[in-house]
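Spelled out, the chains give:
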Amino acid sequence: MTMTEPVLSVFETLESEVRSYCRAWPVVFDRATGSRLYDEHGRGYLDFFAGAGSLNYGHNNPVLKRALLDYLERDGITHALDMSTTAKRAFLETFRSRVLEPRALPYKVMFPGPTGTNAVEAALKLARKAKGRESVVSFTNAFHGMSLGSLAVTGNAFKRAGAGIPLVHGTPMPFDNYLGGRVPDFLWFERLLEDQGSGLNHPAAVIVETIQGEGGINVARAEWLRALADLCRRRDMLLIVDDIQMGCGRTGEFFSFEEAGITPDIVTLSKSISGYGLPMSLCLFKPELDLWEPGEHNGTFRGNNPAFVTATAALETYWGDGVLRERTLIQGRRVESALRELCAEHVRLGATYRGRGLVWGIEFAHKERAAEVCRKAFEHGLLLETSGPEGEVVKLLPPLTVTGDELDEGLGILARSVREAA
């Protein structure tokens, strides 16, 4: 090696090429608190990524951290598969009293494996078991996870190709406004269902995100979701709402589907349900769907008791009243106003914005500009990621606990980055 050749880090020499986020943010992070991460040299970065939505309450939230440390200090159970523990009991009781009962939701709670795709796999298996049918309908630009069943109902061609085998028993339909309002909602779907020659097997279920995060911040209208729920009811299909990224308060309400006034048959949660970034997921379903035989769907790490502890603390702290909800909606309006002004300032870039609560996106006509904006933002100390099928959307996903000053700071860096990338 010559003196001019760079010294490769252990990440480059030992870790797989599959790594991704570290390529966009080429520093070594060391600690984090609230809405900021710090690299090993002490430089701070404002975080509008929030662990891809896993850190709705910020990094190392002090209330959640205290509960976790106290639990570990007393030698609380860490690993328990699906055994009964005091930590699980506290979570279930709190989830029932703070989330389910106030919304009159009848759901049973299932703990699948600890990731979002585990919850989706469980939902798909249960829907097929309940209906005795194989086909599941999903939507254009959907993302539901990286395991095979989840990929079969995911739209992204790059991610689907990684499966290496045919992905079957999933049929895509147009998401809200996919056809620009030129075709009545569900006209194609309804026609396929009623036509015996359409080639569409009667679906067991429909799976949908109310806001497609990875798909480009595509927001479904409340009336579209209500019509979908009605269609499922009339055609004997279960409605599965994937609330993995948009649940736990991201849109204001605890569940993103609440605004539409619907009650899905099955709901998947993960990411911020633990509140602390600890792996945890839930599959919720109506009691009549609880058809599992003991052990029919299991997993070694479905009993993450430290995650139960922080999840309980999050629910007790933030979901006993409407303060977080109102704050999220107010902060969301501030973001919307800023993005409106930003897009008006840069009309020539063909920039448009969309979102709800504290999830927003800016789409650029020249698709490569989104990545350049994120690169500039990183240089100025702001973490942003792209989304959309071609990475054409800059995605804003700050912690729900972000302060007003931090929000203004981040929006200012975003505006500067757009100007510099123009």
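This structure is a prediction, so every number in the text was calculated from the model and none was measured.

**Notes on the pattern of salt bridges**
And step 1. Using the criterion set out here, one finds 32 salt bridges in the structure.
And step 2. Counted as one network, the salt bridges with shared partners bring together Glu190, Arg191, Glu194, Asp230, Arg233, Arg234 and Arg235.

**What to know about a nonpolar patch on the surface**
And step 1. Residues Val10, Phe11, Leu14 and Val28 make up a contiguous nonpolar surface patch of roughly 370 Å² in combined accessible area.
And step 2. Note that Leu14 resides in the loop between helix H1 (10–13) and helix H2 (21–24).
And step 3. With relative accessibility at 68%, the residue Leu14 sits in the exposed group.

**Examining the confidence of the model for the protein chain**
And step 1. When pLDDT is averaged along the protein chain, the result is 96, and 98% of the positions lie at 70 or above.
And step 2. Ignoring residues within four places in sequence, the model shows residues 1–5, a span with pLDDT below 50, making two contacts including any to other chains.

**A closer look at the packing of aromatic side chains**
Aromatic rings considered in pairs are described by the distance between their centres and by the relative angle of their planes.
And step 1. In this structure the tally under the stated criterion is 19 aromatic pairs.
And step 2. Each ring, one from Phe29 and one from Tyr45, has its centre 5.6 Å from the other, and the planes form 80 degrees; the classification is edge-to-face. A residue pair is termed long-range when its members are at least 10 positions apart, and Phe29 in strand E1 (residues 29–33) and Tyr45 in strand E3 (residues 44–47) qualify at 16 residues.
And step 3. We classify Tyr45 as buried; its relative accessible area is 2%.
And step 4. Following the ring pairs from residue to residue traces out a cluster consisting of Phe91, Phe95, Phe111, Phe254, Phe255, Phe257, Phe308 and Trp319.
And step 5. Over the aromatic face of Tyr38 sits the side chain of Arg31, whose NZ or CZ is 4.2 Å from the ring centroid.

**A word on helix H9 (residues 187–194)**
And step 1. Of all the positions in H9, only Phe189, Glu190, Leu192 and Leu193 are classed as buried. Angularly, the buried residues of H9 cover 165 degrees about the axis, an arc narrow enough to put them on a single face.
And step 2. Residues of H9 that are buried sit in contact with strand E5 (136–139), strand E6 (170–173), strand E7 (205–208) and helix H10 (222–234).

The rules behind each value
- Residues numbered from 1 in each chain as written.
- Predicted model: local features only at pLDDT ≥ 70, side-chain atom pairs only at ≥ 80, totals over all residues.
- Heavy atoms only, no water.
- Salt bridge = Lys/Arg side-chain N within 4 Å of Asp/Glu carboxyl O.
- Patch = residues over 30% accessible without salt bridge, like charges linked within 9 Å, V, L, I, M, F, W, Y side chains within 5 Å.
- Areas by Shrake-Rupley, 256 points an atom, 1.4 Å probe, with all protein chains shown as cover.
- Helix = DSSP H or I, 4+ residues; strand = E, 2+ residues; numbered from the N terminus.
- Buried < 20%, exposed > 50% of the residue type's maximum accessible area, 1.4 Å probe, protein only.
- pLDDT = per-residue confidence, 0-100.
- Contact = heavy atoms within 4.5 Å.
- Phe/Tyr/Trp six-rings, centres within 6.5 Å; stacked < 30°, edge-to-face > 60°.
- Lys NZ or Arg CZ within 6 Å of the ring centre and 35° of its normal.
- Arc of directions from axis to C-beta.

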